[in-house]
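# Report on the structure
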Amino acid sequence: MRLDEKIYFYFFAIIPVMIVLFVLLQIWKKKTQNKFSNSSLLKKLTPEKSDYKSSLKLILLLLAISLLIIGLVNPKIGTKMETVKREGVDIVFAVDVSKSMLAEDIAPNRLEKAKRLVSEIINQLNSDRIGIIAYAGQAYPQLPITTDYSAAKMFLQSMNTDMLTSQGTAIDQAIRLATTYYDDEDQTNRVLFIISDGEDHSEGTTLNAVEEAREEGIRIFTIGVGKSKGAPIPIKRKGVVESLKKDSQGEVVITKLNESVLSEIADDGEGIYIDGSNTENAVEQIKEQLNQMDKTEFEAKQLAEFKDQFQWFLGGALFLLFLDLFVLDKKTKWLRKLNLFNEKRV
């Protein structure tokens, strides 16, 4: 199911307002009537007036408004499943979410720059499948291989440096986790993008992981974010810098972009190192590299046809409004015989 115009759900706020106004109106009417006569005399003067019809009319009106709002939202239901042939590359993005990515030597900071780079790369894709990994001291699967680019961007924007409790930068774990993302049956071209500042606390095992990935047919590209001259890591509270991260000796930690590590990983992974300072240039380089790769055909099932359903809700609303015209404040004779509202005199 899809909802075309979710913004119209805000109109449901009208309903509690109408209920409050109705209650206040009834209280005012009751007080005003009591100024001129007591309740027993009023019943004698207006014997055919029902005490419940006004509430019934309000219920009908509120139901009609609710159906109209849902009609404006325009729910759509998928009517059939269709297998769509796609050609593309399987791409996994491994994004560094360690604390060093908070350094602001590249605006607004390294992590936000990395997220923007990935988002812009996704915008250039057509039918390639993508997955996302977050890593710091350990690697965590953020999104499995999918063709749902909107979901990928949603998961991407939720990434932050607090999502993993284990700090550090274990690139080897990110690479090993990435090898589990690809489907052996499809035999697609496999690409891994590592977006990082190059700090690696697992240098001894990273190149081993790169070799294992290469044997699995995975090409590794690295994208560097940050500056080689380095920058401190700010510690913020509610967006305000309180202090700078310090080491055990009390010295301010300066984190630097390590291009040599990233270049070595890319060289061993049969990819290239890309400077991520300029988003447009970096995305263009990546686009060229992906265009040079052979696209493998694979199948992806999806809901192919959605049909509007607003007419049912509009029809229901019009029926209730039409019905409301025939609901009068007078007592209904056949309902009075049934005594559903205890309207018979004792």
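Description of the structure in this document. As the structure is a computational prediction, the values presented were derived from the model and not from experiment. (Residues numbered from 1 in each chain as written. Predicted model: local features only at pLDDT ≥ 70, side-chain atom pairs only at ≥ 80, totals over all residues. Heavy atoms only, no water.)

## Focus: helix 4 (residues 110-123)
We count it as follows: A helix here means a DSSP run of H or I that spans at least four residues, while a strand means a run of E at least two residues long, and both kinds are numbered starting from the N terminus. By this rule, a helix spans an expected 1.5 Å times one less than how many residues it contains. The rule is simple: take the accessible area with a 1.4 Å probe, protein chains only, and divide by the maximum for that residue type; under 20% is buried, over 50% is exposed, in between is partly exposed. Here a polar contact is taken to be a pair of N or O atoms separated by no more than 3.5 Å, where protein atoms must pair a possible hydrogen donor with a possible acceptor and residues adjacent in sequence count only if both atoms sit in side chains.
Compared with the 20 Å implied by 1.5 Å per residue over 14 residues, the 20 Å span of helix 4 between its first and last C-alpha is a close match. The buried count for helix 4 comes to 10 of 14 residues, which makes it a mostly enclosed element. For helix 4, the complete set of buried residues consists of Arg-110, Leu-111, Lys-113, Ala-114, Lys-115, Leu-117, Val-118, Ser-119, Ile-121 and Ile-122. The N-capping residue of helix 4, defined by a side-chain oxygen 3.1 Å from the backbone nitrogen of Leu-111, is Asn-109.

## Section: the nonpolar core
As a reminder, the rule being used: The term nonpolar core refers to a set of buried residues drawn from Ala, Val, Leu, Ile, Met, Phe, Trp, Tyr and Cys, joined through side-chain atoms within 4.5 Å. Contacts were defined at the residue level, with two residues in contact if any of their heavy atoms lie within 4.5 Å.
With 35 residues, the main nonpolar core has Ile-91, Phe-93, Phe-193 and Ile-195 as its most contacted residues. Mapped onto this core, the elements with two or more residues apiece are strand 3 (90-96), helix 4, strand 4 (129-135), helix 5 (149-157), strand 6 (190-196), strand 7 (218-224) and helix 9 (279-291). Among the elements that line this core, the one with the most residues is helix 4, at 6 residues. Beyond its immediate stretch of four places on either side in the chain, Ile-91 contacts Leu-125, Asp-128, Arg-129, Ile-130, Gly-131, Ile-145, Val-191, Phe-193 and Leu-290. Core analysis: the second largest hydrophobic core is formed by 21 residues, Ile-175, Val-210, Val-261 and Ile-265 among them.

## Some points on the pattern of salt bridges
Worth spelling out the cut-off: We define a salt bridge as a side-chain nitrogen of Lys or Arg found within 4 Å of a carboxyl oxygen belonging to Asp or Glu.
Enumeration according to the criterion identifies 10 salt bridges in this entry. A salt bridge links Glu-104 to Lys-236, with the shortest nitrogen-to-oxygen separation between them at 2.7 Å. Taken together, the positions of Glu-104 in the loop between strand 3 and helix 4 and Lys-236 in strand 9 (residues 234-237) put the pair 132 residues apart, joining distant regions of the chain. Notably, a salt bridge pairs Arg-110 with Asp-197, separated by 2.9 Å at the nearest N-O pair. Of this pair, Arg-110 sits in helix 4 while Asp-197 sits in the loop between strand 6 and helix 7 (203-215), and the two are 87 residues apart along the sequence. According to the relative accessible area criterion, Arg-110 is buried, its value standing at 0%. One continuous salt-bridge network, built from bridges that share partners, spans Asp-105, Arg-110 and Asp-197.

## Structural notes on the sheet that holds strand 7
To keep it simple, the criterion reads: For two strands to pair, DSSP has to find at least two bridges joining them. Here an angle of 0 to 180 degrees is reported between the N-to-C directions of two axes, which are lines fitted to C-alpha atoms, with helices fitted over the stretch in contact.
Pairing is mixed in the open sheet, where 6 strands are placed in the order 5-4-3-6-7-12. Where the open sheet ends on each side, the last strands, each with one partner, are strand 5 (139-146) and strand 12 (273-275). With direction set aside, neighbouring strand axes in the sheet form an average angle of 20°. Of the strand pairs in this sheet, strand 7 and strand 12 are connected by 3 bridges, and their pairing is parallel.

## Examining unusual backbone geometry
Here the bond from Ala-107 into Pro-108 is cis, since omega is -10°, no more than 30 degrees from zero. Note on placement: Pro-108 falls in the loop between strand 3 and helix 4. Although it is not a glycine, Asn-74 sits at a positive phi angle of roughly 60°. By the secondary structure assignment, Asn-74 is in the loop between helix 3 (53-73) and strand 2 (75-88). A relative accessible area of 11% places Asn-74 in the buried class. Backbone geometry at Glu-270 places phi at a positive 60°, although glycine is not the residue there. By the secondary structure assignment, Glu-270 is in the loop between helix 8 (259-268) and strand 12. In this structure Glu-270 comes out as partly exposed when scored by relative accessible area, which is 48%.

## A short note on the packing of aromatic side chains
Ring pairs (aromatic) are described by centroid distance and by the angle formed between their planes. The test is simple: Ring pairs shown here join Phe, Tyr and Trp side chains whose ring centres sit within 6.5 Å, with only the six-membered ring taken for Trp; geometry is labelled stacked below 30 degrees between planes, edge-to-face above 60, and tilted in between.
Counted according to the given criterion, the structure contains 4 aromatic pairs. Summarising the aromatic geometry, the rings of Phe-93 and Phe-193 are spaced 5.6 Å apart at their centres and angled 15° between planes, so their arrangement reads as stacked. Taken together, the residues Phe-93 in strand 3 and Phe-193 in strand 6 connect sequence positions 100 residues apart. Look at Phe-93 and you get buried, because its relative accessible area is 0%. Residues Phe-193 and Phe-221 carry aromatic rings whose centres are separated by 5.3 Å and whose planes lie at 35° to one another, so their mutual orientation is tilted. Of this pair, Phe-193 sits in strand 6 while Phe-221 sits in strand 7, placing them 28 residues apart in sequence. Each member of the pair, Phe-193 as well as Phe-221, is classed as buried. In textbook terms, an aromatic cluster arises when at least three aromatic residues are bridged by ring pairs, as seen for Phe-93, Phe-193 and Phe-221.

## Looking at the side chain of Asp-197
Asp-197 gets classed as buried once you look at its relative accessible area, which sits at 0%. Among the polar contacts listed, one links the side chain of Asp-197 to the side chain of Ser-100, at a separation of 2.6 Å. At 2.9 Å, the side chain of Asp-197 and the side chain of Arg-110 are in polar contact. The residues touching Asp-197, leaving out its near neighbours within four places in the chain, are Asp-96, Ser-100, Met-101, Arg-110, Val-225, Thr-255, Lys-256, Leu-257, Asn-258 and Leu-262.

## Points about the pairing of strand 4
Here is the rule we go by: Convention used here: a crossover is right-handed provided that the path from the first strand, over the helix, to the second strand proceeds clockwise when the strands point away from the viewer.
Among the 7 residues in strand 4, 7 count as buried, and that is most of the element. Because side chains alternate across strand 4, one face comprises the buried residues Arg-129, Gly-131, Ile-133 and Tyr-135, and the other comprises Ile-130, Ile-132 and Ala-134, equally buried. Relative to strand 4, strand 3 runs parallel, the two sharing 7 bridges. Note that in strand 4 the partner of Val-92 across the bridge is Gly-131. Taking the sense of rotation as the criterion, the β-α-β connection linking strand 3, helix 4 and strand 4 turns out right-handed. Note that strand 4 and strand 5 share 5 bridges and pair antiparallel. Each residue of the ladder has a partner; that of Ala-134, found in strand 5, is Tyr-140. Hairpin connection, strand 4 to strand 5: the antiparallel pair is bridged by 3 residues.

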